[in-house]
Structure formats: structure tokens, C-alpha cells
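# A closer look at the structure
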Amino acid sequence: MQDKTTGKRLGFTFWISIAWIVLVVLSALTVSWWTIPAPDKMDWDHLSARPGTTVRETILQNSSAAKKTPYTYWLGTDTMGRDQVSRIVYGARISLSVGLLAPMIGLLIGGLLGCLAGYFRGPLESTIVAVMDIVLAFPGLVLLLAVTFYLGASLQNLIFSLGFLTIPAFCRVARAKTLALSNLEFVQAARLTGAGDMAILLREIIPNVIVPVAIYGLLVAAFMIMAEGALSFLGLGIPAPTSSWGGMIAEGKEVLDESPHVSMIPAAMMFLTVVSFNLLGDSLRSYFERGKRQI
């Protein structure tokens, strides 16, 4: 009976993870109102400045060009004298956009295809599985190179490219879950009442598939954040001067010996965010598994 409350069942790791993700999301949404320098504002007198460096005057965003005020670079500056706090929080917009929107594409398309394949079986299932195998076999890096070369490097192209590559994974998860549900008693009862295939899919199958697929999506979101960072590090991500965590890590690699904070601080932000998404997904999965066992 001690597991009746949601808080006890979800545990500490869930709440600390959700707190960090909420903090990052709120920071990314409200950063344009902060009294900090613009992310592309360069201070040539303080290149790769250490954390805590204070300057007598600088121009803050949302202020007039003539108004200069003292400011402290709490996380230092990068190799071009840009404020690390500003670039990290603005960069969170890019990482979160890729991490959340790319899996959403895979969830919607791959989840639907997986439900159709697992429920109708036969030639439809064989066709969908064959197409998913082809997509899995195609080198993802080659696709990203082609998209960047022909369509250009942009946030939209990166999201759609990574989202396309996640479709097979979501399709497999949804198909496996649908296969397990298709022969259960509540689905058979719906058939006996005269419900059509589409009605069964919409009312019985998809509501029970969406939860595990969405939880899997949290793990994919963590992977997408790392993928964006790796692609930006390789020069295939968001082009400069737009701030992104992977781009910041790449910019600091040349001064890693003298100023490790230029790369290490955005790397730490990426690490904490990825770990939070992973822990959140694991906590929710354990929560629903315990609920099923109690039933």
C-alpha cells in the first residue's frame, strides 16, 4: 500500500531530472528578457576570459547602444569574447528543438506505421518492415551530408533529417507492442461487439501503444541532443554565428589547454541534459511497469 502515492513510486531521480529539464526549457524560453550580452556580442579585450571575470562596461541586450554597464562573465567568454552564459542558454534552444522535434517526427510517422504493421499483418507488414530495414541500412551520415550539400545547413533541415532517421526505431517499438496487444481479451471483446479495424486501432491499440512509445521517445531525445552536438562539432550542424552546444564545444577545442572552460562548460550542460532525459525515461518506464504488476 506504500506505493499508492505517485511521488514515492516515481522516486528522487524522476523529480531531479524533471527539475533540470524544466529549468533548461524555461531558461531557453525567457533568455531574450535577461540582462546579459547578446550571444553574438564580441569583447575583443576579454578573449577566453575565465569564469567570474568582471568588466567595467559592456552593452547588454534590450538596452540602447549608448548605455554601457558593468558586467560579470560568470562562466567566462569563448575564443571570440562572447559571453558563455548567453551562448549556452541561447544554444539550449537549438539542442532542445532538435532533441524534442526530431523524435516527434519519428514518433508520429514510425508509431503509426508500426501500429498498422502489427495489427493488419500480411503484405502490409512485410512492406513496412522492408522499407524500415532499408532506411536502417542507409548510412545516416551520408544522408546528412547530402541534405547539407543540396539544401543547406539549417535548423529545419537538421530536424527533418534526424527525424527521418528515427522513424524505423519507433516503428519497431510500436509494431512489437501492437503485436502483443492484438490478441488480448479487450481487443477480442471489441471485435465481438462488431467494432471495425480502424475503431479498434484508434480506441484500443493506439492509446495503449502511445505511452511506451512516448517513453522510448525520451531516450531518443537524449540521443538526438548528442547527435546534434556531434554534427555541430563536425561542421554539419547549425552554421555560425548561431549558438549551439556542439558548436561551442568545437570552438573551444583549439584552446583546450589554456582555457578548458570554453569547451567543458557547454559539454557539462549537454551531459546533464542528456542524463536527465535518460533518467526521466527510465523512471517513467519503471513506474508504468510497477503499475502493470499491481494490476
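All values derive from a computational prediction rather than experimental measurement.

## A word on the overall build of the chain
The helix and strand inventory of the chain stands at 10 helices and 2 strands. Reading the chain from its N end, one meets helices and strands in the order α-α-β-β-α-α-α-α-α-α-α-α. Taking the principal axes of the C-alpha coordinates as reference, the chain spans close to 80 × 55 × 35 Å. Restricting the contact set of the chain to residue pairs at least 6 apart, pairs at least 24 apart contribute 73%. For the chain, the exposed area adds up to about 15,500 Å²; of that, 68% sits on carbon and sulfur atoms. Separation of charge centres in the chain, based on 22 positive and 19 negative side chains, amounts to 9 Å.

## Structural notes on the packing of helix α7 (residues 185–192) against helix α8 (residues 197–234)
Running from amino to carboxyl end, α7 crosses α8 at an angle of 175°, the nearest separation of the two axes being 10 Å. As judged from the angle between their axes, α7 and α8 are roughly antiparallel. Touching Phe 186, Val 187, Ala 190 and Arg 191 of α7 are Ile 200, Glu 204, Ile 205 and Asn 208, all from α8. Of the residues in the contact of α7 with α8, the class split is 5 nonpolar, 1 polar and 2 charged.

## So, unusual backbone geometry
At Ser 48, a residue that is not glycine, the phi angle is positive and equals roughly 55°. Turning to its location among the elements, Ser 48 is positioned in the loop between α2 (12–30) and β1 (53–58). Within the chain, Arg 121 stands out as a residue other than glycine whose phi angle is a positive 55°. Tracing the chain through its elements places Arg 121 in the loop between α3 (84–120) and α4 (122–137).

## Describing the nonpolar core
Considering soluble globular proteins, one finds that nonpolar side chains tend to be buried as a cluster. Within the largest apolar cluster, 27 residues are counted, with the highest numbers of intra-cluster contacts made by Leu 162, Ile 205 and Val 209. Elements with a minimum of two residues in this core: α3, α6 (155–182), α7 and α8. Apart from the residues lying within four places of it in its own chain, the contact partners of Val 209 are Cys 115, Ala 174, Lys 177, Thr 178 and Leu 181.

What counts and what doesn't
Residues numbered from 1 in each chain as written. Predicted model: local features only at pLDDT ≥ 70, side-chain atom pairs only at ≥ 80, totals over all residues. Heavy atoms only, no water. Helix = DSSP H or I, 4+ residues; strand = E, 2+ residues; numbered from the N terminus. Contact = heavy atoms within 4.5 Å. Areas by Shrake-Rupley, 256 points an atom, 1.4 Å probe, with all protein chains shown as cover. Lys, Arg positive; Asp, Glu negative; His and termini not counted. Charge placed at Lys NZ, Arg CZ, Asp CG, Glu CD. Axes fitted to C-alpha atoms, helices over the stretch in contact; angles between N-to-C directions. Parallel < 35°, antiparallel > 145°, perpendicular 65-115°, else oblique. Nonpolar A, V, L, I, M, F, W, Y, C, P; charged D, E, K, R; others polar. Core = buried A, V, L, I, M, F, W, Y, C linked by side-chain atoms within 4.5 Å. Buried < 20%, exposed > 50% of the residue type's maximum accessible area, 1.4 Å probe, protein only.

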